[in-house]
Every structure is written in C-alpha cells, then in structure tokens.
Amino acid sequence: SYGTIYFCILWNLGSSELILNNSPSFLVLRSLVKKAPVLPSYTGYDLIIGLEPKFLNYPIDLHLSSTSPCINYEYASLADGTAISGDFDNTARGKGNAYDMGAYEFDQAQCPVISRVYIDAAANGSNMGPDWSNAFKFIEDGLNFANACPNVNEVWIAEGLYKPDIISVREH
C-alpha cells in the first residue's frame, strides 16, 4: 500500500510508533516521531525525531503545552494544496504564525501576558520563565514558549553552559 502522513505526532510508550509490513512506499511529512519509522521503503521530510511533544497530560489530554516543539510548525495547507480548517475541538487552525502538529491547535489564551522570558539552568522556581527565580531550566523550553506565546518578544539567558534536555534529530 501507499500512503502519506502529514503534521502528526507519533508518540507512545512502546518501542515503535509506526511499523508497516508489505508497504512498498510510504511518505511521512512534517511530523514528530519518537523513533524513525520502521518501514521497508520510507521517505521522511522535516521530521522531529526523539523529542518529547509535551502534551498537557499524556495520555489523557493530548492538547499541546506552551513549551511544545509542535506549535507553529506548518503552513496553511497540505502539500497538494488542501486547506486545513479545524482541529478535533473544531477550533480553527492557524491561531499563531503557522499550524500546529497533532490533533489540537494550541490555545494562546494559555499564555501569560509577559513580554520577556528568562532561561537559567540554576533556577529553582516554577520553571515557567517570567523572572530569573522562576526561569526555564532548558533553552528548548524557553524558546518553544517564546514561539508559542505572541506577547513574548525577548528571551534572556543566564550565563552558563547549556545542553539539550533530550537528544533529537531533525531530518530535512
């Protein structure tokens, strides 16, 4: 069989999210997967592999949190030009700069009204970024938050050595 997957989050607690047997060709586009798909013949473009999607409450609530790398990820239509109109909540797509991956569009009403985000690996507060004592500990979380929340126009990062909180591969 042939097929295409667009803008999906393939994530579970198992060892593989996508295994297709006897499939001569399958295309995975602009999606987040826990591990590279196991396929006889697979082509993937613009994939995020191995990065936590950061759902609000996995596996119960699959809405995206404000630090998800899946927010504002894609443009207004599928590769064949088909427009994307709404999510599983019937919410219009494209609330931010672009569409979000997955079943639900991120609700920007979740964003606090702050214009600056702080990142400090040594912070011990809420890890939500509104000030130095409650700064995000990981650079990815602060940058993803700034991407998701339209009021944020500055990101301040404390001096130090920062390493990713998870190793990921992005294929292009």
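Keep in mind that this is a model prediction, so the values were computed, not measured.

Whenever I open this one, the overall build of the chain confuses me. Can you help?
What the chain contains, in helices and strands, is one helix and eleven strands. Each helix and strand of the chain, ordered N terminal to C terminal, gives the series β-β-β-β-β-β-β-β-β-α-β-β. Counting only contacts in the chain whose residues sit at least 6 apart along the sequence, the fraction spanning at least 24 positions is 45%. Carbon and sulfur atoms make up 53% of the accessible area of the chain, which totals about 9400 Å².

Any chance you could explain a nonpolar patch on the surface here in plain terms?
A cluster of nonpolar side chains, namely L143, V155 and I157, defines an oily patch on the protein surface of about 220 Å² accessible area. Checked against the element boundaries, L143 lands in helix 1 (residues 139–148).

Would you explain the side chain of D120 in this entry?
Among the structural elements, D120 can be located in the loop between strand 9 (116–119) and helix 1. Here D120 is buried and forms no salt bridge, its nearest opposite-charge partner K137 lying at an N-O distance of 8.5 Å. Once you skip the residues sitting within four places of it in the chain, D120 turns out to touch W132, A135, F136, K137, A158 and Y162.

Help me out: how do you make sense of the pairing of strand 10 (residues 154–157) in this one?
For a regular strand, side chains alternate in direction, first toward one face of the sheet and then toward the other. The sheet contact formed by strand 9 and strand 10 spans four bridges and is parallel. By the bridge assignment for strand 10, I119 is matched with I157. One crossover worth recording links strand 9 to the parallel strand 10 by way of helix 1, and it is right-handed.

Would you explain unusual backbone geometry in this entry?
For residues besides glycine, phi is generally negative; the peptide bonds are generally trans as well. That bond from Y58 to P59 is cis: its omega, 0°, falls within 30 degrees of zero. In this structure, P59 sits in the loop between strand 7 (55–57) and strand 8 (61–64). Even without glycine at this site, N72 takes up a positive phi of about 55°. For N90, which is not glycine, the phi torsion reads 65° and is therefore positive. Along the polypeptide, N90 turns up in the loop between strand 8 and strand 9.

How should I be thinking about the pattern of salt bridges in this particular structure?
Any two side chains of opposite charge can pair, on the condition that their charged atoms come close. Taken as a whole, this structure holds three salt bridges when the rule is applied. Across the pair K54 and D141 runs a salt bridge, and its minimum N-O distance is 2.1 Å. Highlighted residues: K54 in the loop between strand 6 (47–49) and strand 7 and D141 in helix 1, separated in sequence by 87 residues. Between R93 and E105 there is a salt bridge whose closest N-O contact spans 3.1 Å. With R93 in the loop between strand 8 and strand 9 and E105 in the loop between strand 8 and strand 9, this residue pair connects regions lying twelve residues apart in the sequence. Across this residue pair, the class does not change: R93 and E105 are buried.

About the criteria used
- Residues numbered from 1 in each chain as written.
- Predicted model: local features only at pLDDT ≥ 70, side-chain atom pairs only at ≥ 80, totals over all residues.
- Heavy atoms only, no water.
- Helix = DSSP H or I, 4+ residues; strand = E, 2+ residues; numbered from the N terminus.
- Contact = heavy atoms within 4.5 Å.
- Areas by Shrake-Rupley, 256 points an atom, 1.4 Å probe, with all protein chains shown as cover.
- Patch = residues over 30% accessible without salt bridge, like charges linked within 9 Å, V, L, I, M, F, W, Y side chains within 5 Å.
- Salt bridge = Lys/Arg side-chain N within 4 Å of Asp/Glu carboxyl O.
- Buried < 20%, exposed > 50% of the residue type's maximum accessible area, 1.4 Å probe, protein only.
- Lys, Arg positive; Asp, Glu negative; His and termini not counted.
- Pairing = 2+ DSSP bridges.
- Right-handed = clockwise from strand over helix to strand, strands pointing away.

Geometric descriptors of this kind do not, in isolation, establish any biological role.
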